[in-house]
Amino acid sequence: MGIEGQGHVKEEGAVYIPFVIEPKLQPEEKQWFQKGNINILCIGKYEERKNIRMLLEIYEELYHEYSLTLVIAGECTSKFHKQYKARQEAFVKDNGLQAGVKLLFNLGRDEIEDLYKQADLFVIPSTAEPASISQLEAMAFSVPVICSDKNGTACYVRDGISGFLFQDNQKEALKEKIKKMVSDKKQMMEMGKSSYEAIQNNCSFSQYYDGIMKCVDMQNDKSEGKN
C-alpha cells in the first residue's frame, strides 16, 4: 500500500492498492491560521506509544516563538487510557499551557472532521505505528502532515512535498521538523495543497477497485496456467 511509485516493491508482480479516502476540503476553500495561530492537531489513543507527552513537551518549548495552539483528540475508554490522559492533563496544568492546549476524547466523526478543518498542521508522533489512517484523513482536508519514518503508512506523505518525516521516536528530530514547518506559512499552505492532491489523485475508490481487479486477474492467469 502507499502512493504509487513511492514505496519499495518487495517482489515482482506487487500491486498497488491504496486506502480509500475521499477528498474533503479543497485547498482554495481552507481557512488557514484561524485567530492568528498555527493550529496543530494530533489524533491518537491516550497511550504511551502515541508519544503525546513528547509532543506536549515540544509544544511547551515552541509555542511562544511561533504562536501555536495544540489540539489532541483520542480514544479514552480503558483504565490505562484514563491514567495516561490524567498525567498529560497534569503536565499541561503544571506548565501553564491551558490557554493553548486542548485534550479532547471520544469525539464523534463530525467533531473530528471539524478539527481537521481547523488544523493547519497534523502531527502523528507515535512509534510502532503499523498503518495509521488519520494522516490520510488530514491530507483529505488539505492539511500537511508530520509523521514517523517508521509509520506503516508514511509512504503516503511525500517528504518535503506534502509534509515531513522524522526519525522514529526521536524528540529532537520531531521538534526540528515542526520548527521547519511552522517557520514558513507559505510552505505550509503549499504542502497542504499537495496533501489534498495526493489523496485526490491516488486514493479514490476507482483506484482501489482497479488494484483489486489486477489481483483477481493475476490469480486467474496463474490458475489457467496450471490447467
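Our subject is the structure that appears above.
Each residue is numbered by its place in its chain's sequence as written, counting from 1. A pLDDT threshold of at least 70 governs which residues receive local features in this predicted model, and a stricter bar of 80 or more applies before side-chain atom pairs are shown or counted, although totals over entire chains, interfaces and linings include all residues. Only hydrogens and water are set aside when side-chain values are computed; all heavy atoms of the structure are taken into account.

A. Molecular detail of the packing of aromatic side chains. To pair, rings of Phe, Tyr and Trp, with the six-membered ring standing in for Trp, must have centres within 6.5 Å; the planes then decide the type, stacked if under 30 degrees apart, edge-to-face if over 60, and tilted in the middle. Applying the stated criterion across every chain, the model contains four aromatic pairs. Summarising the aromatic geometry, the rings of Y116 and F122 are spaced 6.1 Å apart at their centres and angled 50° between planes, so their arrangement reads as tilted. An angle of 20° between the planes, with centres 5.4 Å apart, marks the rings of Y116 and F141 as stacked. In this pair, Y116 sits in helix α3 (residues 109–118) while F141 sits in the loop between α4 (134–140) and β5 (145–148), placing the two residues 25 residues apart along the sequence. Each helix is a run of H or I in the DSSP string that is no shorter than four residues. Each strand is a run of E no shorter than two, and both are numbered from the N terminus.

B. Examining the sheet that holds strand β4 (residues 121–124) more closely. A pair of strands is considered paired only if DSSP assigns at least 2 bridges between the two. Spatial ordering of the open sheet is given by β3-β2-β1-β4-β5-β6, a layout of six strands whose pairing is parallel. With one partner strand each, in any of the chains shown, β3 (101–105) and β6 (163–166) form the two edges of the open sheet. On average, each strand axis in the sheet is inclined to that of its neighbour by 20°, with strand direction left out of account. Strand direction decides the pairing type here: strand β1 (residues 38–43) and β4, joined by two bridges, are parallel. Pairing of L41 across the sheet is with F122, part of β4. On the sheet, helix α1 (residues 52–66) packs against β1, β2 (68–74), β3 and β4 and is oriented at approximately 160° with respect to β2. Along the sheet, α3 contacts β1, β2, β3 and β4; its crossing angle with β1, the most-contacted strand, is approximately 145°. In this analysis an axis means a line fitted to C-alpha atoms, helices contributing only their contacting stretch, and an angle means the value between N-to-C directions, from 0 to 180 degrees. Pairs of residues are marked as contacts when any of their non-hydrogen atoms sit within 4.5 Å.

C. Layout of empty space enclosed by the protein. As defined here, a cavity is a set of points on a 1 Å grid over the protein atoms alone where a 1.4 Å probe fits but cannot get out. A pocket is an open set with protein on both sides within 12 Å along at least five of seven lines, and residues line them when an atom is within 4 Å of a point. Grid points are joined across faces, edges and corners, and a volume is the space filled by probe spheres set on the points. This model, assessed by the stated rule, comprises one cavity of 30 Å³ or more. In this structure, the largest cavity encloses a volume near 30 Å³. Lining the largest cavity are I40, L55, I58, Y59, L68, L70 and I178. Among the secondary structure elements, those contributing two or more residues to the lining of the largest cavity are α1 and β2. Element by element, the count of residues in the lining of the largest cavity is highest for α1, at three residues. Residue classes follow a fixed rule: Ala, Val, Leu, Ile, Met, Phe, Trp, Tyr, Cys and Pro count as nonpolar, while Asp, Glu, Lys and Arg count as charged, and any other residue, Gly among them, counts as polar. Its residues assigned to classes, the lining of the largest cavity comprises seven nonpolar, no polar and no charged.

D. Fine view of the environment of M54. When you line up the elements, M54 lands in helix α1. C-alpha of M54 to C-alpha of S126: the two residues are 72 residues apart in sequence and 9.2 Å apart in space. Leave out the neighbours within four places in its chain, and M54 touches N169, Q170, K171 and L174.

Without other data, these values stay purely geometric and don't point to any function.
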